[in-house]
Amino acid sequence: VVQNHQRHRTVVCSCLILNFFRSFVVSGVEMASALLLETKFEWKQRWVGIAIAACFLCCIPMRLMDGLLRARMELVSWIYLLIYISICSTIFLFDFGGASSALLLLLGDSILFPSMYQAEALCMGIAQQHAVP
């Protein structure tokens with residue numbers, strides 16, 4: 001019983017840590033993207049807001065993809081895949097010798113935001129299952 005309780009506590013704490021990191025990563029990248037679009041690419045605030053909102057709307061196709069792949073993958077594997085996709089999408093956020101563009105930045109945001117949110121949502125579902133003994 002004690003070992004099972006310890007397992008539940010570990011699962012819940014791990015999910016809360018993922019929630020913590022998602023909060024900081026998404027808010028930091030969102031703020032940095034808005035700053036870059038306004039200063040480096042000279043976009044107006046209105047268009048920056050619309051573009052970043054469109055990036056968050058990419059959560060809808062990510063949720064549909066989750067529905068299609070849920071039967072083919074285990075839940076933990078799906079979470080790992082989403083985190084891996086999040087990490088790989090950050091390559092679009094860097095400027096490699098002037099090759100950056102606003103569209104690449106927004107592409108990175110459009111992949112990063114939905115995959116982080118979906119991974120965290122699935123993880124919080126696992127945490128809810130383990131929260132009550």
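So, here is what we can say about the structure in this document. (Residues numbered from 1 in each chain as written. Predicted model: local features only at pLDDT ≥ 70, side-chain atom pairs only at ≥ 80, totals over all residues. Heavy atoms only, no water.)

To continue, consider helix α4 (residues 75-89). Spanning 15 residues, α4 covers 21 Å between terminal C-alpha atoms, matching the ideal 21 Å at 1.5 Å per step. Those residues of α4 lying buried are Trp 78, Ile 79, Leu 82, Ser 86 and Ser 89. Buried residues of α4, seen end-on, are gathered within an arc of 100 degrees and therefore sit on one face of the element. When the buried face of α4 is taken as reference, the exposed residues oriented beyond 90 degrees from it are Tyr 80, Tyr 84 and Ile 87. Packing partners of the buried residues in α4 comprise α3 (59-69) and α5 (102-131). (Helix = DSSP H or I, 4+ residues; strand = E, 2+ residues; numbered from the N terminus. Expected span 1.5 Å × (residues − 1). Buried < 20%, exposed > 50% of the residue type's maximum accessible area, 1.4 Å probe, protein only. Arc of directions from axis to C-beta. Contact = heavy atoms within 4.5 Å.)

The space that makes up the largest pocket amounts to roughly 160 Å³. As for the largest pocket, its lining consists of Ser 14, Cys 15, Leu 18, Val 76, Ile 79, Tyr 80, Ile 83, Cys 123 and Ile 126. Elements supplying a minimum of two residues to the lining of the largest pocket: α1 (2-39), α4 and α5. Sorting elements by how many residues they give to the lining of the largest pocket places α4 first, with four residues. Of the residues contributing to the lining of the largest pocket, the split by class is eight nonpolar, one polar and no charged. (1 Å grid on protein atoms, 1.4 Å probe; cavity = no way out; pocket = protein on both sides within 12 Å on 5 of 7 lines; lining within 4 Å. Points joined across faces, edges and corners; volume = space filled by probe spheres on them. Nonpolar A, V, L, I, M, F, W, Y, C, P; charged D, E, K, R; others polar.)

This brings us to the nonpolar core. Counting residues in each nonpolar core, the largest one holds 14 residues, and the members touching the most others are Leu 37, Val 48, Leu 106, Leu 112 and Phe 113. Listed by contribution, the elements that provide at least two residues to this core are α1, α2 (45-57) and α5. Sorting elements by how many residues they give to this core places α5 first, with six residues. Apart from the residues within four sequence positions on either side, Leu 112 is in contact with Val 25, Val 29, Ser 86, Ser 89, Thr 90 and Leu 93. (Core = buried A, V, L, I, M, F, W, Y, C linked by side-chain atoms within 4.5 Å.)

Counted under the stated rule, the structure contains four salt bridges. Measuring nitrogen to oxygen at the nearest pair gives 2.9 Å for the salt bridge that ties Glu 120 to Arg 22. One end of the pair, Glu 120, is in helix α5; the other, Arg 22, is in helix α1, with 98 residues separating them in the sequence. Arg 22 shares its class with Glu 120; the two are buried. Note that Asp 66 is salt-bridged to Arg 70, the shortest N-O span being 2.9 Å. A relative accessible area of 37% means that Arg 70 is categorised as partly exposed. The network of salt bridges with common partners includes Arg 63, Asp 66 and Arg 70. (Salt bridge = Lys/Arg side-chain N within 4 Å of Asp/Glu carboxyl O.)

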